[in-house]
Amino acid sequence: MAGKLVLCATPIGNLEDMPERTVRALKEADLIAAEDTRNSIRLLSHFDIHTPMTAYHENNRYDKGRELLERMKEGAVVALITDAGTPGISDPGEALVAMCCEAGIDVTAVPGPAACITALIISGLPTRRFVFEAFLPTDKKERRGILDSLKTETRTMIIYEAPHRLRKTLPELRDVFGGSRRIALCRELTKIHEEVQRTTLDGACRIYEEREPRGEYVLVIEGRNPEEAEAEKKQAWEALSVEEHLQRYLDQGLDRKEAMKAVARDRGVGKREIYRYLVDHGA
């Protein structure tokens, strides 16, 4: 009988947030796969958990993942924990889950703390629609590409950042989104020194010109105003002639009828109006 993988959420700072089900799942598992065994041993000791533990992290996620997969095929129950929070979110657990799903191994989860969701709900920014970007890449080209792709994002954005990189990241965000864009800087979540600074990107840059960043940060950034984005898009189309606008869609492979529909939609007019214009101008 095949075993299973259990994703176990652990506290992001406050041990009182440890789910009771996580304690039970870790005690009942045959093996615990931990991102950092040196860090996790303190957590296990605190809750009197003596289940064998093995390291599963970014550098061994595939080799160790295959080993864990074989154990589960033989019937073992493997509990996966990350350094803090919910495994599988911006950590190597994602790869192990994918391997298990492909192999037909049952995957279940004990839900609990997650820094990204905790920051979002206390940020004061819209929560209905959001996008999670985790840590931005350190590669300059890749980093710029992601920031450029977020420039027109209307959903609330969530980004993780380390304290030693915050002073570099904030001006980059200001350059992309503008200084008046709202941001909540959430640090040391659930810990004694938890703090949420609700300001603008201009304000955040000023704060950290004078203040030394401390603790891990979750940055929650306001999305672009949808009406403003739509108005700018419409203005860009209006800079083109109707013929040029139509040709853009034809070049993308749309047939003439669908292209006219798209032009009408972009310009906020009826399809018949576009049709009449093109007939009148012999296009």
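Here, every reference points to the structure presented above.
Every chain begins its residue count from 1, and numbering advances along the sequence as written. Thresholds applied to this predicted model are a pLDDT of at least 70 for local features of residues and 80 or more for the giving and counting of side-chain atom pairs; totals over whole chains, interfaces and linings are not thresholded and use all residues. Only hydrogens and water are removed before side-chain values are computed, so all heavy atoms of the structure are retained for them.

### Comments concerning the sheet that holds strand 1 (residues 4–8)
Point 1. In this description, strands pair whenever DSSP reports at least two bridges between them. Secondary structure elements are taken from DSSP: a helix is a run of H or I of four residues or more, a strand is a run of E of two residues or more, and numbering for both begins at the N terminus. The 5 strands are arranged 3-2-4-1-5 in an open sheet whose pairing can be described as parallel. Edge strands, defined here as strands with exactly one partner in the open sheet, are strand 3 (53–55) and strand 5 (106–110). Each neighbouring strand pair of the sheet contributes to a mean axis angle of 25 degrees, computed without reference to strand direction.
Point 2. Note that strand 1 and strand 5 share 5 bridges and pair parallel. Within the sheet, the bridge partner assigned to Val 6 lies in strand 5 and is Thr 108. Note on method: axes are straight lines fitted to C-alpha atoms, helices fitted across the in-contact stretch only, with angles between N-to-C directions ranging 0 to 180 degrees.

### Side note on the sheet that holds strand 9 (residues 195–200)
Point 1. Across the sheet, which stays open at both edges, the 5 strands sit in the order 6-7-10-8-9 with mixed pairing between neighbours. Unpaired on one side and paired on the other, strand 6 (130–135) and strand 9 mark the two borders of the sheet. Neighbouring strand axes in the sheet, compared pairwise and without regard to direction, differ in orientation by 15 degrees on average.
Point 2. Summarising the sheet, strand 7 (residues 156–161) and strand 10 (residues 217–221) pair through 5 bridges and their orientation is antiparallel. Along strand 10, the bridge assignment pairs Ile 159 with Leu 219.
Point 3. The strands touched by helix 7 (residues 163–177) within the sheet are strand 6, strand 7, strand 8 (182–187) and strand 10, with strand 10 carrying the most contacts at an inclination of about 10 degrees. By the convention used here, residues are in contact when the closest approach between their heavy atoms is within 4.5 Å.

### A short note on helix 6 (residues 140–150)
Point 1. Those residues of helix 6 not exposed but buried are Arg 143, Leu 147 and Leu 150. For helix 6, the arc enclosing every buried residue in end-on projection is 60 degrees, short of the 170-degree limit, so these residues lie on one face.
Point 2. Those residues of helix 6 that are buried lie in contact with strand 6, strand 7 and helix 7.
Point 3. What qualifies as a polar contact is a pair of N or O atoms within 3.5 Å, subject to a donor-acceptor requirement within protein and to the restriction that residues adjacent in sequence count only when both atoms come from side chains. Where helix 6 begins, the side chain of Asp 139 points an oxygen toward the backbone nitrogen of Lys 141, at a separation of 3.3 Å. Burial status follows relative accessibility: with a 1.4 Å probe on protein chains alone, a residue under 20% of its type maximum counts as buried, one over 50% as exposed, and anything between as partly exposed. The arc in question is the one spanned by the directions pointing from the helix axis to the C-beta atoms.

### With respect to the side chain of Glu 153
Point 1. Here Glu 153 is to be found in the loop between helix 6 and strand 7.
Point 2. Take Glu 153: its relative accessible area is 13%, and that puts it in the buried class.
Point 3. Here the side chain of Glu 153 touches Arg 155 through a polar contact of 2.8 Å, side chain to side chain.
Point 4. Ignoring any residue separated from it by four or fewer positions in sequence, one finds Glu 153 in contact with Val 131, Gly 223 and Arg 224.

### Some points on the environment of Pro 11
Point 1. You can see Pro 11 is positioned in the loop between strand 1 and helix 1 (20–28).
Point 2. In this structure, the C-alpha to C-alpha distance between Pro 11 and Met 260, residues 249 residues apart in sequence, is 55 Å.
Point 3. Excluding anything up to four places from it in sequence, Pro 11 contacts Asp 17, Met 18, Leu 43, Ala 84, Gly 85 and Pro 113.

### Some details on the nonpolar core
Point 1. Nonpolar core, defined: a set of buried Ala, Val, Leu, Ile, Met, Phe, Trp, Tyr and Cys residues in which side-chain atoms within 4.5 Å join the residues together. Of all hydrophobic cores here, the largest spans 20 residues; its most connected members are Leu 170, Leu 173, Phe 177, Ile 183, Leu 185 and Leu 219.
Point 2. Only helix 6, strand 7, helix 7, strand 8, helix 8 (201–210) and strand 10 provide two or more residues apiece to this core.
Point 3. If one sorts the elements of this core by residue count, helix 7 sits on top with 5 residues.
Point 4. Leaving out residues up to four positions away in the same chain, Leu 219 has contacts with Met 157, Ile 158, Ile 159, Glu 161, Leu 166, Thr 169, Leu 173, Ile 183, Ala 184 and Leu 185.
Point 5. Counting 16 residues, the second-largest nonpolar core is a separate cluster that includes Val 23, Ala 25, Ile 32 and Leu 43.

### Comments concerning the pairing of strand 1
Point 1. Most of strand 1 sits out of view: 4 of its 5 residues are buried.
Point 2. Relative to strand 4 (residues 77–81), strand 1 runs parallel, the two sharing 4 bridges. Counted as the bridge partner of Leu 7 is Leu 80 from strand 4.

### Quick word on unusual backbone geometry
Point 1. The backbone of Ala 134 sits at a positive phi, close to 55 degrees, despite the residue not being glycine.
Point 2. Exposure remark for Ala 134: the relative accessible area of 11% places this residue in the buried category.
Point 3. Phi at Glu 188 takes a positive value of approximately 55 degrees, unusual for a residue other than glycine.
Point 4. Looking at the secondary structure, you find Glu 188 in the loop between strand 8 and strand 9.

### Structural notes on the pattern of salt bridges
Point 1. A carboxyl oxygen of Asp or Glu within 4 Å of a side-chain nitrogen of Lys or Arg is what we treat as a salt bridge. Evaluated as defined, the whole model comprises 17 salt bridges.
Point 2. The salt bridge involving Lys 73 is made with Glu 70; its shortest N-O contact spans 3.7 Å. Taken as a pair, Lys 73 and Glu 70 lie in helix 3 (residues 63–73) at a separation of 3 residues, close to a single helical turn.
Point 3. Taking the relative accessible area as the measure of exposure, Lys 73 reaches 41% and is therefore partly exposed.
Point 4. For Glu 70, a relative accessible area of 41% puts it in the partly exposed group.
Point 5. Between Glu 195 and Arg 211 there is a salt bridge, and its shortest N-O distance comes to 2.6 Å. With a gap of 16 residues between them, Glu 195 in strand 9 and Arg 211 in the loop between helix 8 and strand 10 connect regions that are remote in the sequence.
Point 6. With a relative accessible area of 22%, Glu 195 lands in the partly exposed category.
Point 7. Through salt bridges with shared partners, one network takes in Arg 143, Glu 161, Arg 165 and Glu 172.

Just geometry here; none of it tells us what the structure is for.
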